[in-house]
Number of protein chains: 2
Amino acid sequence: MTPPTDDLDAVPPGAGLRERKKAARRLALIDASHRLVAEHGLDAVTVEMICAEVGVSPRTFFNYFATKDDAVLGHRPWSLPEKTAAAFVAGGPSGVLLDDLVDLVVGLVAAPPPGSARMRRTLELAAAHPRLMAHHIAWMDRQKEQVERLVRERLGPAAAHRPDTVTALLLVCVHATLMRWDAAGGEGHVREHATAVVAELRALITA
Amino acid sequence: MTPPTDDLDAVPPGAGLRERKKAARRLALIDASHRLVAEHGLDAVTVEMICAEVGVSPRTFFNYFATKDDAVLGHRPWSLPEKTAAAFVAGGPSGVLLDDLVDLVVGLVAAPPPGSARMRRTLELAAAHPRLMAHHIAWMDRQKEQVERLVRERLGPAAAHRPDTVTALLLVCVHATLMRWDAAGGEGHVREHATAVVAELRALITA
DNA sequence: CCGCAACTTGCATTGACTGCAACTTTGCAT
DNA sequence: ATGCAAAGTTGCAGTCAATGCAAGTTGCGG
């Protein structure tokens with residue numbers, strides 16, 4: 001059914017067969033859902049269809065994703081590179097909180113390459129379907145914890161700012177950056193967009 | 001079944017019987033869902049239960065709310081007072097964009113009294129159930145359009161800032177304000193919290 | 001009191017999602 | 001290789017949210 005675009009071993013760097021198969025299936029499911037949604041529209045696509053396309057039982061589908069929408073969005077836990085995280089906690093590349101947030105954003109957004117093409121498709125779908133955007137935002141919010149821990153560590157106990165506010169701001173940056181990146185047709189490095197966003201916020205707030 | 005806490009006519013200011021009944025039912029459904037969720041937990045509560053509690057058909061339930069979660073959240077389209085909106089578009093109370101955002105926030109949050117008690121219950125539930133928080137955020141995002149129009153009008157064609165960025169910032173403010181208000185146990189005027197949030201953002205960005 | 005429009009309701013249906021128990025595959029050690 | 005345990009897959013049966021449709025009810029204006 002599925003043209004094996006992703007060869008089993010084409011997917012992950014190292015690790016056992018089990019891992020690879022799993023990752024491959026996961027991507028296959030995501031891609032299949034994208035294809036089908038593009039063709040039939042989000043609501044017309046059923047889990048069954050996606051499974052048929054990939055050749056997997058519907059029951060299995062839910063071993064991979066909690067919901068249909070999660071598959072379309074291809075969500076997986078965020079994880080930003082150790083190095084970036086450590087640097088940020090230690091006082092960040094620049095020492096200026098806001099600027100360092102940019103690096104965090106870049107780390108979060110640009111880091112994991114489940115393929116940036118895939119990511120663009122995801123963003124486009126999200127932009128088209130409010131429900132998906134909803135899920136997307138909600139998911140970002142869930143990742144907040146993780147980020148907030150970093151912020152907390154960096155600020156230390158004698159925090160001049162409330163960590164949750166900082167985090168909230170960070171999430172806006174991420175979101176705005178992604179939207180710009182998408183609006184720009186996926187052109188340019190994420191960093192440029194992130195920088196632009198922060199610059200604009202600065203201008204806006206000091207106005 | 002339901003102790004008629006809200007008398008029919010206790011609910012809305014004017015208008016015909018039809019309207020009043022509708023509003024009353026709406027609130028009854030919301031309250032019933034709150035009661036049931038508090039007792040059994042979100043996932044254990046079915047639409048049927050809620051309906052039984054209020055004495056309406058399940059089918060009717062969906063004439064009032066698109067989803068079960070919407071009922072719990074008691075969402076209805078935002079509408080900020082004409083006056084506030086007009087003032088903002090005209091250049092806002094203070095003329096400083098960021099400060100005027102505060103007023104917008106207050107207008108949005110404090111304006112509609114479906115009862116602030118009800119609102120607190122809602123926020124608490126949202127805080128407890130990630131899925132609800134997701135819906136809540138998603139819903140806020142959907143209202144964005146409305147707000148963004150205002151921002152666009154105020155900024156005019158020669159916009160110094162991208163409206164969507166401003167709006168994004170506004171939404172963070174709303175969210176942060178609500179969270180603080182809730183964290184404070186519903187104490188104090190919304191405006192105080194909103195002001196605090198903005199002040200902090202300022203400090204944070206100019207640091 | 002009549003008739004329209006607004007609502008409500010039951011019925012039937014689809015499709016997401018879950019728990020369970022059996023079955024298959026992979027990883028690993030002998 | 002061979003065998004075993006853990007990891008993963010699948011079918012089945014069931015619950016529940018959500019929707020379209022076609023008939024009832026009911027508030028409202030004349």
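The numbers attached to residues start from 1 for each chain and follow its sequence in the written order. Naming scheme: in the order in which they are written, chains are lettered from A and ligands are numbered from 1. In keeping with the model being predicted, local features are shown solely for residues with a pLDDT of at least 70 and side-chain atom pairs are shown and tallied solely at 80 or more, while totals for entire chains, interfaces and linings include all residues. The basis for every side-chain value is the complete set of heavy atoms in the structure, and neither hydrogens nor water enter the calculation.

By the naming in an unreviewed UniProt entry, chain A is TetR family transcriptional regulator, taken from Cellulomonas phragmiteti.

Some points on the packing of aromatic side chains
Residue and element names in this part refer to chain A. Put simply, the rule is: Aromatic rings from Phe, Tyr and Trp, taking only the six-membered ring of Trp, are treated as a pair when their centres fall within 6.5 Å; an angle between ring planes under 30 degrees marks them as stacked, one over 60 as edge-to-face, and anything in between as tilted. The buried label applies to any residue whose accessible area, calculated with a 1.4 Å probe on protein chains only, is under 20% of its type's maximum; exposed applies above 50%, and partly exposed to all values in between.
Counted by the stated rule, this structure contains four aromatic pairs over all chains. Ring plane angle 75° and centroid distance 5.1 Å describe the contact between F61 and F62, whose orientation is recorded as edge-to-face. For F62, a relative accessible area of 40% translates into the label partly exposed. Relative to F65, the ring of F61 lies with its centre 5.7 Å away and its plane at 45°, an arrangement referred to as tilted. Here the two residues F61 and F65 agree in accessibility, since each one is buried.

Details of the nonpolar core
Quick note on the threshold: Among buried residues, the Ala, Val, Leu, Ile, Met, Phe, Trp, Tyr and Cys ones that are joined through side-chain atoms within 4.5 Å form a nonpolar core. Contacts: residue pairs with any heavy atoms within 4.5 Å of one another.
One finds L169(A), V174(A), L169(B) and V174(B) to be the most contacted residues of the largest nonpolar core, which totals 70 residues. Residues contacting L169(A), with those up to four places away along its chain left out, are L98(A), L201(A), L169(B), V172(B), L201(B), L204(B) and I205(B). Listed in part, the 47 residues of the second largest apolar core include A126(A), V37(B), F65(B) and A71(B).

Structural notes on the protein's contact with DNA strand D
Our working definition: Definition of nearness: a residue and a molecule or strand are near each other if at least one heavy atom of the residue lies within 4 Å of the molecule or strand. Polar contacts here mean pairs of N or O atoms no more than 3.5 Å apart (in protein, one a potential hydrogen donor and the other a potential acceptor; neighbouring residues in sequence count only if both atoms are side-chain atoms). By definition, any uninterrupted DSSP run of H or I lasting at least four residues is a helix, any uninterrupted run of E lasting at least two residues is a strand, and each is numbered from the N terminus. Charged residues are taken to be Asp, Glu, Lys and Arg, nonpolar residues to be Ala, Val, Leu, Ile, Met, Phe, Trp, Tyr, Cys and Pro, and polar residues to be all remaining types, Gly included.
For DNA strand D, the set of nearby residues contains 21 residues, the closest of which are R18(A), T60(A), Y64(A), R59(B) and K68(B). Here a base oxygen of DNA strand D sits 2.5 Å away from a polar atom, N or O, in the side chain of R59(B). K68(B) has a polar backbone atom sitting 2.8 Å from a phosphate oxygen of DNA strand D. Taken together, the elements giving at least two residues each to the surface near DNA strand D come down to α1 (17-40) and α3 (58-64) of chain A together with α1 (17-40) and α3 (58-64) of chain B. Top contributing element to the surface near DNA strand D by residue count: α3(A), with four residues. Each residue belonging to the surface near DNA strand D can be placed in one class, and the counts come to seven nonpolar, six polar and eight charged.

Points about the protein's contact with DNA strand C
Close to DNA strand C lie 21 residues, the nearest being K21(A), R59(A), K68(A), T60(B) and Y64(B). Among atoms of DNA strand C positioned within 4 Å of the protein, sugar and phosphate together represent 64%. One of the side-chain nitrogen or oxygen atoms of K21(A) is found 2.7 Å away from a phosphate oxygen of DNA strand C. With respect to DNA strand C, the backbone of S57(B) contributes an N or O atom lying 3.1 Å from a phosphate oxygen. No other element matches the four residues that α3(B) contributes to the surface near DNA strand C. Considering only residue class, the surface near DNA strand C consists of seven nonpolar, six polar and eight charged.

Let's talk about the interface of chain B and chain A
Definition in use: Here the buried area means the combined drop in accessible surface, using a 1.4 Å probe, for two parts upon being joined, counting both sides. Here, a salt bridge means any Lys or Arg side-chain nitrogen found within 4 Å of an Asp or Glu carboxyl oxygen.
Chain B puts 26 residues into the contact, and the matching count from chain A is 26 residues. Interface area for chain B against chain A, summed over the two sides, is near 2500 Å², with a carbon-plus-sulfur share of 74%. Linking chain B with chain A are zero salt bridges. At the boundary of chain B and chain A, one finds five residue pairs in polar contact (both at pLDDT 80 or more). Elements supplying a minimum of two residues to the side of chain B that touches chain A: α6 (97-110), α8 (130-155), α9 (163-183) and α10 (190-206) of chain B. Tallied by class, residues from the side of chain B that touches chain A come to 16 nonpolar, four polar and six charged.

A few points about the packing of helix α5 (residues 82-89) of chain B against α8(B)
To characterise two packed helices, one gives the angle between the axes of the helices and the distance between these axes. Residue and element names in this part refer to chain B. Our working rule: Only the stretch in contact is used when a helix axis is fitted, and all axes are lines through C-alpha atoms; the angle between N-to-C directions ranges over 0 to 180 degrees.
Relative orientation of the contacting elements α5 and α8 amounts to 35°, with a least axis distance of 8 Å. Within the contact between the two elements, α5 uses A85, F88 and V89 and α8 uses L150, V151, E153 and R154. The residue inventory of the contact of α5 with α8, partitioned by class, reads five nonpolar, no polar and two charged.

Remarks on the packing of α1(B) against helix α7 (residues 116-128) of chain B
Residue and element names in this part refer to chain B. For clarity, the cut-off: An angle below 35 degrees is treated as roughly parallel, one above 145 as roughly antiparallel, one from 65 to 115 as roughly perpendicular, and anything else as oblique. Whether a crossing is left-handed or right-handed is set by the direction in which the near helix is turned from the far one by less than a right angle, anticlockwise for left-handed and clockwise for right-handed.
Put simply, α1 and α7 touch, their axes get as near as 11 Å, and they point 45° apart. By the angle class used here, α1 and α7 are oblique. Helix-helix and strand crossings are classified by hand; for α1 and α7 the assignment is left-handed. Seen from α1, the contacting residues are L27, I30, D31, H34 and V37; seen from α7, they are R118, R121, T122 and L125. Partitioning the contact of α1 with α7 into residue classes produces four nonpolar, two polar and three charged.

Remarks on the relation of the copies chain B and chain A
The condition is simple: Alignment of the copies relies on least squares applied to C-alpha atoms, considering only residues that score at least 70 for pLDDT in both.
Note on the identical chains: chain B maps onto chain A by a rotation of 180° and an axial translation of 0.2 Å, with an RMSD of 0.2 Å. The superposition of one copy onto the other is thereby described by a two-fold rotation axis.

Digging into the UniProt feature "DNA-binding region" (unreviewed entry) in chain A
What counts, and what does not: UniProt positions are given in the numbering used here, feature names are shortened, and annotations may be inferred rather than shown by experiment.
When the UniProt feature table is mapped onto this chain numbering, "DNA-binding region" (unreviewed entry) sits at residues 46-65 of chain A. In residues 46-65 of chain A, the share of helix is 75% and the share of strand is 0%. The end C-alpha atoms are 14 Å apart.

Thoughts on the pattern of salt bridges
Residues and elements named next belong to chain B. Counted according to the given criterion, the structure contains 26 salt bridges over all chains. A salt bridge links R152 to E148; the shortest N-O distance between them is 2.7 Å. In this pair, R152 and E148 both sit in helix α8, four residues apart, roughly one turn of the helix. Here R152 falls in the partly exposed class, since its relative accessible area comes to 44%. Residue classification places E148 among the buried residues on the basis of a relative accessible area of 10%.

Details of helix α2 (residues 47-54) of chain B
All names here are of chain B. How we decide: The arc in question is formed by the directions pointing from the helix axis toward the C-beta atoms.
Among the residues of α2, V47, I50, C51 and E53 are the ones counted as buried. Buried positions in α2, seen along its axis, are confined to an arc of 160° and lie on one side of it. Turned more than 90 degrees away from the buried face of α2, the exposed residues are E48 and A52. Where α2 is buried, its residues contact α1, α3 and α4 (68-73). G55 lies just past α2 and shows a positive phi near 85°.

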